[in-house]
Amino acid sequence: MTLLILIVIGALAFDFINGFHDTANAIATSVSTKALKPRHAIILAAVMNFIGAMTFTGVAKTVSKDIVDPFSLGNGSIVILAALIAAIAWNLITWYYGIPSSSSHAIIGSIAGAAIAAEGFASLNYGGFLKILQALILSPIIAFVVGYIVYSIFKVVFKNFNLTKTNRNFRYIQIATAALQSYSHGTNDAQKSMGIITMALLTTGTIQSDEVPFWVQASCAIAMGLGTSIGGWKIIKTVGGKIMKIRPINGVAADLTGAAIIFGATYIHLPVSTTHVISSGILGVGSAHRLKGVKWGTAQRMLITWVITLPITAVLAGICYFILNLIF
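The notes below deal with the structure included here. (Residues numbered from 1 in each chain as written. Predicted model: local features only at pLDDT ≥ 70, side-chain atom pairs only at ≥ 80, totals over all residues. Heavy atoms only, no water.)

**Points about the overall build of the protein**
Now for step 1: Counting secondary structure elements, the protein contains 13 helices and 0 strands.
Now for step 2: The helix and strand sequence of the protein, counted from the amino end, reads α-α-α-α-α-α-α-α-α-α-α-α-α.
Now for step 3: Here the protein has a C-alpha radius of gyration of 19 Å; the compact-globule value for 328 residues is 20 Å, and the two agree.
Now for step 4: For the protein, the residues scored as buried account for 59% of the 328 residues in total.
Now for step 5: Taking contacts inside the protein between residues at least 6 apart in sequence as the whole, the part at least 24 apart equals 87%.
Now for step 6: As displayed, the protein has an accessible area near 13,200 Å², and 70% of this comes from carbon and sulfur atoms.
Now for step 7: Taking the average place of the 21 positive charges on the side chains of the protein and the average place of its 9 negative ones, the gap between the two points comes to 27 Å. (Helix = DSSP H or I, 4+ residues; strand = E, 2+ residues; numbered from the N terminus. Rg over C-alpha atoms; globule rule 2.2 N^0.38 Å. Buried < 20%, exposed > 50% of the residue type's maximum accessible area, 1.4 Å probe, protein only. Contact = heavy atoms within 4.5 Å. Areas by Shrake-Rupley, 256 points an atom, 1.4 Å probe, with all protein chains shown as cover. Lys, Arg positive; Asp, Glu negative; His and termini not counted. Charge placed at Lys NZ, Arg CZ, Asp CG, Glu CD.)

And the structure:
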């Protein structure tokens, strides 16, 4: 019971940190174009993240059973707690340095690493794990392509419009697209913690099916909303200005791209990295606008972080597992 309580606290802490770590995903473009004041943008994001988290549970079910089989783990509770500690540590490190890394990669890499430390590579559910990896890898590529296409269409449609007036109108549209993107963020990201708590409840025999209890859904939604309300200013600066100079029309194209890809993933019950998707959407829009206008140095730094997150968190989680196994 002590381990279960620690897991619930850890999962909610991860969700809270995920909220302020990933706030930038939803609102950075609207803040950078001054479509929304930072305070208003964060309140909007917090509310829409909460509503999004209360809407779906399909991704939570995928996380709870597709990476490892909860019933096959001898020390399942220690595995889950080790994974949470490793993922939280990595999120805090990347937040401190203002690097928009993936909370999804962190938690999935951590669960896999802790399970391998406990039961070996045979503990992984390879079918489900590879399906999740494919979604994590393909979603940013698709977002880049879709962002490029969406903005290319915008350029054709609005090429004869007055630039100043068009950008002013698009600032109003950005309020709606920021809300949409925040909602989509909640439908996918908050469910990862729901899945972890559900996995812990399954391994301890507290529940018998992978249906997410309402109290788990509500508490994770609240934690995500509260975390979002804190705001991750360092990452907002990176996503909002250090990838490219964002104008309202760019921001709308990027927001629509991000929301569409994340909604698509949520619909088919797959966890994706909202950070990867939204940053890649911005890169696609920037490439369509002006290739030289994209700050590829920042993009390269982000890409390296994305690549190393899975192996680093897996190793961290393995170390945490061995330490916790000595304690408990």
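That covers the picture; the talk isn't over yet.
**Regarding the pattern of salt bridges**
Now for step 1: According to the stated counting rule, one finds 4 salt bridges in the structure shown.
Now for step 2: Ionic pairing is found between Asp 66 and Lys 131, a salt bridge with its closest N-O pair at 3.1 Å. One end of the pair, Asp 66, is in the loop between α4 (58-65) and α5 (76-96); the other, Lys 131, is in helix α7 (residues 126-157), and 65 residues separate them in sequence.
Now for step 3: With a shortest N-O distance of 2.5 Å, Asp 189 and Lys 192 are connected by a salt bridge. Remark: Lys 192 and Asp 189 occur in helix α8 (residues 163-203); sequence separation between them is 3 residues, near one turn of the helix. (Salt bridge = Lys/Arg side-chain N within 4 Å of Asp/Glu carboxyl O.)

**So, a nonpolar patch on the surface**
Now for step 1: Residues Ile 137, Leu 138, Ile 141, Ile 142, Val 145, Tyr 148, Ile 149, Ile 153, Val 156 and Val 157 make up a contiguous nonpolar surface patch of roughly 910 Å² in combined accessible area.
Now for step 2: Summarising the element assignment, Ile 141 is placed in helix α7.
Now for step 3: Among the residues examined, Ile 141 registers a relative accessible area of 49% and is labelled partly exposed. (Patch = residues over 30% accessible without salt bridge, like charges linked within 9 Å, V, L, I, M, F, W, Y side chains within 5 Å.)

**Topic: the packing of α7 against helix α11 (residues 248-267)**
Now for step 1: Their axes nearest at 9 Å, the elements α7 and α11 cross at an angle of 140°. In terms of orientation, α7 and α11 fall into the oblique class. As α7 runs across α11, the sense of the crossing is right-handed. Between α7 and α11, the residues in contact are Ser 139, Ile 142, Ala 143, Val 146, Gly 147, Val 150, Tyr 151 and Phe 154 and Ile 249, Asn 250, Val 252, Ala 253, Leu 256, Thr 257 and Ile 261, respectively.
Now for step 2: Of the residues in the contact of α7 with α11, the class split is 11 nonpolar, 4 polar and no charged. (Axes fitted to C-alpha atoms, helices over the stretch in contact; angles between N-to-C directions. Parallel < 35°, antiparallel > 145°, perpendicular 65-115°, else oblique. Left-handed = near helix turned anticlockwise from the far one by under 90°. Nonpolar A, V, L, I, M, F, W, Y, C, P; charged D, E, K, R; others polar.)

**A short note on the side chain of Asp 189**
Now for step 1: Looking at Asp 189, the relative accessible area reads 1%, which means it is buried.
Now for step 2: Among the polar contacts made by the side chain of Asp 189, one reaches the side chain of Thr 274 at a distance of 3.2 Å.
Now for step 3: For Asp 189, the contacting residues outside a window of four places in its chain are Asp 15, Asn 18, Asp 22, Ser 104, Met 224, Val 272 and Thr 274. (Polar contact = N/O pair within 3.5 Å; in protein donor to acceptor, adjacent residues only side chain to side chain.)

**Side note on the environment of Ile 5**
Now for step 1: Note that Ile 5 resides in helix α1 (residues 2-21).
Now for step 2: On the basis of relative accessible area, Ile 5 is assigned to the partly exposed category, the value being 46%.
Now for step 3: Once the C-alpha coordinates of Ile 5 and Val 272 are considered, the two residues, 267 residues apart in sequence, prove to be 27 Å apart.

**Describing the side chain of Thr 33**
Now for step 1: Counting through the fold element by element, Thr 33 comes out in the loop between α2 (23-32) and α3 (38-53).
Now for step 2: A polar side-chain atom of Thr 33 sits 3.4 Å from the main-chain carbonyl oxygen of Ser 30.
Now for step 3: Contact partners of Thr 33, with chain neighbours within four places excluded, come to Arg 171, Gln 174, Ile 246, Arg 247 and Pro 248.

Spatial relationships are all this shows, so hold off on functional conclusions.
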